[in-house]
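Each chain is listed here by its residues.
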Amino acid sequence: MAELRLYNTLTRRVEPFVPRTPGRATMYTCGPTVYDYTHIGHLRPALVSDVLARWLRRLGYSVLYISNFTDIDDRIIERAQREGVGYRDVAERYIADYLENMRVLGIDQVDRYVRATDHIPQIIRMIEALVERGFAYPLDGDVYFDVTRDPDYGKLSGRSLDQMMAGARVKVDERKRNPMDFALWKAAKPGEPAWPSPWGPGRPGWHIECSAMTLEYLGSGLDIHAGGDDLIFPHHENEIAQSECFTGEAPFARYWLHNAMVQINEEKMSKSLGNIVALRDLVRRYPAPVLRMFILSTHYRKPLNYSEEALEEARRAWERLANAREAVAAALRAAPPAGGPQGAAGAPDGAAPQPAAQGAEELARAAEEARAAFAAAMNEDLNTPLALAALFDLARAANSALVAPGARGASPEALRAALAAFDELGGVLGLWTGATAAPARDGIADRLVEILVRLRSEARAARDWSLADRIRDDLASVGVVLEDLPQGTRWKWQA
RNA sequence: GGCGACGUAGCCAAGUGGCAAGGCAGGGGUCUGCAAAACCCUUAUUCGGCGGUUCGAAUCCGCCCGUCGCCUCCA
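The rules behind these values
- Residues numbered from 1 in each chain as written.
- Chains lettered and ligands numbered in written order.
- Predicted model: local features only at pLDDT ≥ 70, side-chain atom pairs only at ≥ 80, totals over all residues.
- Heavy atoms only, no water.
- Helix = DSSP H or I, 4+ residues; strand = E, 2+ residues; numbered from the N terminus.
- Buried < 20%, exposed > 50% of the residue type's maximum accessible area, 1.4 Å probe, protein only.
- Contact = heavy atoms within 4.5 Å.
- Areas by Shrake-Rupley, 256 points an atom, 1.4 Å probe, with all protein chains shown as cover.
- Core = buried A, V, L, I, M, F, W, Y, C linked by side-chain atoms within 4.5 Å.
- Near = heavy atom within 4 Å.
- Polar contact = N/O pair within 3.5 Å; in protein donor to acceptor, adjacent residues only side chain to side chain.
- Nonpolar A, V, L, I, M, F, W, Y, C, P; charged D, E, K, R; others polar.
- Axes fitted to C-alpha atoms, helices over the stretch in contact; angles between N-to-C directions.
- Parallel < 35°, antiparallel > 145°, perpendicular 65-115°, else oblique.
- Phe/Tyr/Trp six-rings, centres within 6.5 Å; stacked < 30°, edge-to-face > 60°.
- Lys NZ or Arg CZ within 6 Å of the ring centre and 35° of its normal.
- Pairing = 2+ DSSP bridges.

### Quick look at the overall build of chain A
Part 1 of the argument: Helix and strand content of chain A: 15 helices and 16 strands.
Part 2 of the argument: Every one of the 495 residues in chain A was classed for burial, and the buried ones make up 52%.
Part 3 of the argument: The contacts in chain A between residues at least 6 apart in sequence include a share of 76% that link residues at least 24 apart.
Part 4 of the argument: Accessible surface, chain A: about 22,200 Å² in total, of which carbon and sulfur atoms supply 52%.

Spelled out as structure tokens, the structure:
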């Protein structure tokens, strides 16, 4: 199998993934600052990392994946003061919102979520060491990192200190040694949450918590550090500077992965622009796989424009895959035991050596080709749009086999191979989480639908088309879709 | 002003030197009581524009046009 290759922001190239320790992969993905509801922009890095972790695990890596919440920050404090509640209340509220959205979306690869405020001692120790070694300096209760002490400063974002100074558009704090020095520790103003420190009561600066937590759990030289590309500068640049100066080792992280922004009306979606689409609203309107499909339909390093039309298109595209998968599963359920043990759907190795029909061989081969194409796409910098194309090709092959003349297109063996490919490949992308095209197995609503479907079948048998159509239309109005097949009527809930 | 990314059919989107994947939408056909789903055929002589390199470029180089992002909190 071809090796995994990833685009590394640090080198600006796609390069082979060679982990620090063979067979093991460590990941850290920057999570949100929790001061407002999670929006679709936050979903992209979380989902890309989720799929990356799934793929690494499928490739056989032992993965340790950490993500974080920045739960102390100026905006959290502002919000808490505005609402008259504690900063912790604000953070907890939005952490809960984030986690609930991740749960619904099947984003479940993170081994451990960590919080800045749970690592204050580590952060303080790190700052102390940086001060002792002359990389940082206290100033009126703050502590700043001296960027001129890091000769490599700017290597991630590809800019030099000179350029930054020249292009600086911010009014500089005159007290700092250099305009680009950034805060490691911020002194508390009266009434603000604070932790005791050698420099007086205060709180961590924005970047230090990620360095402290990354080093705490994954150590220096971790494999993959990911996040949105708006974090390249200053957040990740500063993480690198403070971490490498602290440990004396480089690289702090071997591969830096950055996803492009989610846009809306060709403009970045962000809280400051006030154009966010909250996930909590979106997940009520679209099944998880559709939302995953929407994100994964564009390569992670290209901007993704959000629109209702794009979401509807993703819904239809996903339905095509789900329909094909369900058709294969249904055919397998209806298939004769075929000499294999118990021959039920999903029965392992029912390898009865029977001469496969021509079409069946084609389907089995299509399943193999889908696996190969999918793997090749994923290995080439997580090319999920191309990986999806492999699934669409499989869907066409499966559908064709199922309508082949004489029904000779699909042996149980071939069907099992196709279903396994659908499940495994689609599973890497999380396309079968939550809602499926298959009717649920229980629930009073389902049973009532089944009663109506049976009544309609009787009406059809009696050639009472007006009654049959009325039942179908009425069911459609409550979200039930009917399909009359030669074998009988199939129904499902509208995705 | 500095740094960077991108510009492929009606729309979305792969493809980074050898005759332009896939999806959605559209058109024609098959199947169906009708519909849905599905299948078959069809929809870019052309890849923002202009030059250049090459036997050959969407793919490499230069310039131009356009869009977006970062440089300040941001996934």
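### Points about the nonpolar core
Part 1 of the argument: Counting 137 residues, the largest nonpolar core has Ile-40, Leu-56, Tyr-306, Phe-374 and Leu-429 as the members making the most contacts within it.
Part 2 of the argument: When residues of this core are assigned to their parent elements, the largest contribution, 10 residues, is made by helix H1 (residues 40–58).
Part 3 of the argument: Within the second largest apolar cluster, seven residues are counted, among which are Val-449, Val-453, Ile-471 and Leu-482.

### Re the protein's contact with RNA strand B
Part 1 of the argument: Arg-75, Trp-206, Gly-228, Leu-231 and Arg-472 are the nearest of the 59 residues found near RNA strand B.
Part 2 of the argument: Counting only atoms of RNA strand B within 4 Å of the protein, the sugar-phosphate share comes to 65%.
Part 3 of the argument: Within the side chain of Trp-206, a nitrogen or oxygen atom sits 2.5 Å from a phosphate oxygen of RNA strand B.
Part 4 of the argument: One of the side-chain nitrogen or oxygen atoms of Arg-320 is found 3.2 Å away from a phosphate oxygen of RNA strand B.
Part 5 of the argument: Here the surface near RNA strand B gets eight residues from one element, more than from any other, and that element is helix H12 (residues 384–402).
Part 6 of the argument: The class makeup of the residues in the surface near RNA strand B is 17 nonpolar, 22 polar and 20 charged.

### Description of helix H7 (residues 232–247)
Part 1 of the argument: Here H7 lies mainly inside the structure; 12 of its 16 residues are buried.
Part 2 of the argument: Considered for burial, the residues of H7 that qualify are Ile-232, His-235, His-236, Glu-237, Asn-238, Glu-239, Ile-240, Ala-241, Gln-242, Ser-243, Glu-244 and Cys-245.

### Let's talk about the packing of helix H4 (residues 120–132) against helix H6 (residues 208–217)
Part 1 of the argument: Relative orientation of the contacting elements H4 and H6 amounts to 105°, with a least axis distance of 9 Å. With respect to H6, the element H4 is oriented roughly perpendicular. Contacts from Gln-122, Ile-123, Met-126 and Ile-127 in H4 reach Ile-208, Glu-209, Ser-211, Ala-212, Leu-215 and Glu-216 in H6.
Part 2 of the argument: Class assignment of the residues belonging to the contact of H4 with H6 gives a composition of six nonpolar, two polar and two charged.

### Remarks on the packing of aromatic side chains
Two aromatic rings are characterised by how far apart their centres lie and by the angle between their planes.
Part 1 of the argument: Enumeration over the complete set of coordinates arrives at 14 aromatic pairs.
Part 2 of the argument: Plain terms: the ring middles of Phe-252 and Trp-256 are 6.0 Å apart, the flat faces sit at 45° to each other, and that makes the pair tilted. Each member of the pair, Phe-252 together with Trp-256, is buried.
Part 3 of the argument: Taking the ring centre of Tyr-137 as reference, the NZ or CZ of Arg-177 above it sits at 4.0 Å.
Part 4 of the argument: In this arrangement the basic side chain of Arg-280 is found over the ring face of Tyr-37, its NZ or CZ atom lying 3.9 Å from the centre.

### Describing the pairing of strand E16 (residues 488–493)
Part 1 of the argument: As paired elements, strand E15 (residues 480–485) and E16 share six bridges and run antiparallel to each other. Bridge pairing in E16 places Leu-485 opposite Gly-488.
Part 2 of the argument: Taken together, E15 and the strand that follows it, E16, pair antiparallel across an intervening segment of two residues.

### Focus on the sheet that holds strand E8 (residues 182–187)
Part 1 of the argument: Strand order in the open sheet formed by four strands is E6-E7-E8-E9, and the pairing between neighbours is antiparallel. Two strands in the sheet have a free side with no partner beyond their single neighbour: strand E6 (136–139) and strand E9 (202–204). Across this sheet, the average inter-strand angle for adjacent strands is 20°, counted without regard to direction.
Part 2 of the argument: Looking at chain direction, E8 and E9 are connected through three bridges and run antiparallel. Bridging from a neighbouring strand, Ala-187 pairs with Gly-202 of E9.
Part 3 of the argument: Sheet strands in contact with H4 are E6, strand E7 (142–145), E8 and E9, and its direction is about 120° off that of E8.

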